[in-house]
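# Architecture and fold: a report
What follows is each chain in one-letter form.
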Amino acid sequence: MRLKRTLSVLLALLAALWGAALAEDLPPDPDPLADAALTSGVPVTLDLDGDGAMETLTFTAESGDEILGEFARIEIVTAAGNTVGWNTQSLFSPTAHALDLDGDGVVEIFITGDWASADYATYCTQFAGGEPQTVRFADASRGGDGEGYEDYGYGYIVSAAGGELTLCGSQDVLGTYFGTRTFALRDGAFEFADDGLWHFDTSAVDWENRALDPIADIPATFVDGGAETAGAIEAGTRFAVAASDKVSIVYFVTEDGREGFFPIEPDPRGWGVLVNGVSEDELFAFVPYAD
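## Focus on the nonpolar core
Grouped together as the largest cluster of nonpolar side chains are 39 residues, with contacts concentrated most on L165, L174, F190 and F262. If you look at the next biggest cluster of nonpolar residues, it comprises 21 residues, including I74, I111, Y152 and Y154.

Right, here's the structure in full:
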């Protein structure tokens, strides 16, 4: 029992430290999809599969413990009176939404929660063939390379409209930042529907503690009104990562408002990146990664 309490305290402390570092990146409040929100334990009646018959849907955040969190569960009572269920991995503070994202008459049921320490995931299921069916997502996970599929979308829901779903989750490129990717439902899976980049909010950068401060010049291309000019981010010029594909390019904005981009490549060590052939460890005194 003492060990369990100790582990719980440690997890709480880790979560608090992460939250202090990335507080501006936590899920938005109020809920951007409030009209489609499901309340735990409260049944709703919907035509989930578009066949004209009504089903009864109940979302439940089932209690686990302080270490494992909760188990988000969907229960559906069919028009024929059968009861079928579906549940996610354990999540902290799960929320659920039901909406027909692409307007095809079939309702998408989303469950979003925190695996731990601000690692958010969004699961989706549809009612088809009398059973809940998991809808897979193109891989946008923090350690992923953008190829293949997962049973979840990495991140929390930022918006869901016009047939597109935007998720926001932490990513690693010259530090750890919350970035967005947009998906569209095509042929039974969520595919990327954007420019191939993770976009990071630079509107409220903590320039003292979360910006990059190079100790050597970085060759870069500056962009102003569509015009591109070769130059360099000079040593001591703080900048923030605005967008990246995490493997070949970084778009940036400097503290004084200049924008541009420079190439990167994966570090042969297996983690981090090289900038102009130089390891990020040698180019910056501090790179703000989070565990």
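## Notes on the pairing of strand 14 (residues 176–186)
Regular strands show a simple pattern: their side chains alternate between the two faces of the sheet. Among the eleven residues of strand 14, nine are classified as buried, and the element is accordingly described as predominantly covered. Where strand 13 (residues 164–172) lies against strand 14, nine bridges are found, and the strand directions are antiparallel. Residue pairing across strands places T166 opposite T182, the latter belonging to strand 14. Between strand 13 and the antiparallel strand that follows it, strand 14, lie three residues; L174 among them carries a positive phi value of about 55°. Relative to strand 16 (residues 198–200), strand 14 is paired through two bridges, and the arrangement is antiparallel. In the strand pairing of strand 16, G179 is matched with F200. With four bridges connecting them, strand 14 and strand 15 (residues 189–192) associate as antiparallel partners. Its bridge partner being in strand 15, F183 is matched across the sheet by F192. Remark: two residues form the turn of the hairpin made by strand 14 and strand 15, two consecutive strands paired antiparallel; D187 in that turn has positive phi of roughly 50°.

## Points about empty space enclosed by the protein
Counting across every chain of the model gives one cavity of 30 Å³ or more. In this structure, the largest cavity occupies an estimated 40 Å³ of space. Around the largest cavity, the lining residues are A140, Y154, L167, C168, G169, Q171, G179, R181, F183 and W198. Looking at the lining of the largest cavity, the elements that each hand over two or more residues are strand 13 and strand 14. If you tally residues by element for the lining of the largest cavity, the top one is strand 13, at four residues. Taken together, the residues of the lining of the largest cavity break down into six nonpolar, three polar and one charged.

## As for the confidence of the model for the protein
Looking at the protein, the pLDDT average stands at 88 and 86% of residues meet or exceed 70. Note on residues 1–24: pLDDT under 50 across the span, and 21 contacts to partners over four residues away in sequence or across chains.

## Thoughts on unusual backbone geometry
With phi around 55°, S117 is a residue other than glycine that occupies positive phi space. By the element assignment, S117 lies in the loop between strand 6 (108–114) and strand 7 (120–128). Positive phi, close to 55°, is recorded for L174, a residue that is not glycine. Residue placement: L174 occurs in the loop between strand 13 and strand 14.

## Thoughts on the pattern of salt bridges
Opposite charge on two side chains permits pairing when their charged atoms draw close. Inspection of the entire model under this criterion finds eight salt bridges. The residue R269 makes a salt bridge to D281 at a minimum N-O spacing of 3.0 Å. Of this pair, R269 sits in the loop between strand 22 (265–266) and strand 23 (273–275) while D281 sits in helix 2 (residues 280–283), placing them twelve residues apart in sequence. On the accessibility criterion, D281 (39% relative accessible area) is partly exposed. A cluster of three or more residues bridged by salt bridges with shared partners is formed by E208, R238 and E255.

## Quick notes on the sheet that holds strand 24 (residues 278–279)
Reading across the sheet, the three strands line up as 22-23-24 and stay open at both edges, with antiparallel pairing between neighbours. Unpaired on one side and paired on the other, strand 22 and strand 24 mark the two borders of the sheet.

## Some points on the packing of aromatic side chains
Applying the stated criterion across every chain yields a total of 17 aromatic pairs. Seen from their ring centres, F110 and F190 are 6.0 Å apart, and the 50° between their planes marks the pair as tilted. In this pair, F110 is assigned in strand 6 and F190 in strand 15, connecting sequence segments 80 residues apart. The burial state of F110 is the same as that of F190; both residues are buried. An angle of 50° between the planes, with centres 5.6 Å apart, marks the rings of Y251 and F261 as tilted. Of this pair, Y251 sits in strand 20 (residues 249–254) while F261 sits in strand 21 (residues 259–263), placing them ten residues apart in sequence. By relative accessible area, Y251 is classed as partly exposed at 31%. Assessed through its relative accessible area of 19%, F261 is described here as buried. Ring pairing ties together the aromatic residues F110, F137, F183, F190 and F192, which thus form one cluster. Over the aromatic face of W271 sits the side chain of R269, whose NZ or CZ is 4.1 Å from the ring centroid.

Rules used throughout
Residues numbered from 1 in each chain as written. Predicted model: local features only at pLDDT ≥ 70, side-chain atom pairs only at ≥ 80, totals over all residues. Heavy atoms only, no water. Core = buried A, V, L, I, M, F, W, Y, C linked by side-chain atoms within 4.5 Å. Buried < 20%, exposed > 50% of the residue type's maximum accessible area, 1.4 Å probe, protein only. Helix = DSSP H or I, 4+ residues; strand = E, 2+ residues; numbered from the N terminus. Pairing = 2+ DSSP bridges. 1 Å grid on protein atoms, 1.4 Å probe; cavity = no way out; pocket = protein on both sides within 12 Å on 5 of 7 lines; lining within 4 Å. Points joined across faces, edges and corners; volume = space filled by probe spheres on them. Nonpolar A, V, L, I, M, F, W, Y, C, P; charged D, E, K, R; others polar. pLDDT = per-residue confidence, 0-100. Contact = heavy atoms within 4.5 Å. Salt bridge = Lys/Arg side-chain N within 4 Å of Asp/Glu carboxyl O. Phe/Tyr/Trp six-rings, centres within 6.5 Å; stacked < 30°, edge-to-face > 60°. Lys NZ or Arg CZ within 6 Å of the ring centre and 35° of its normal.

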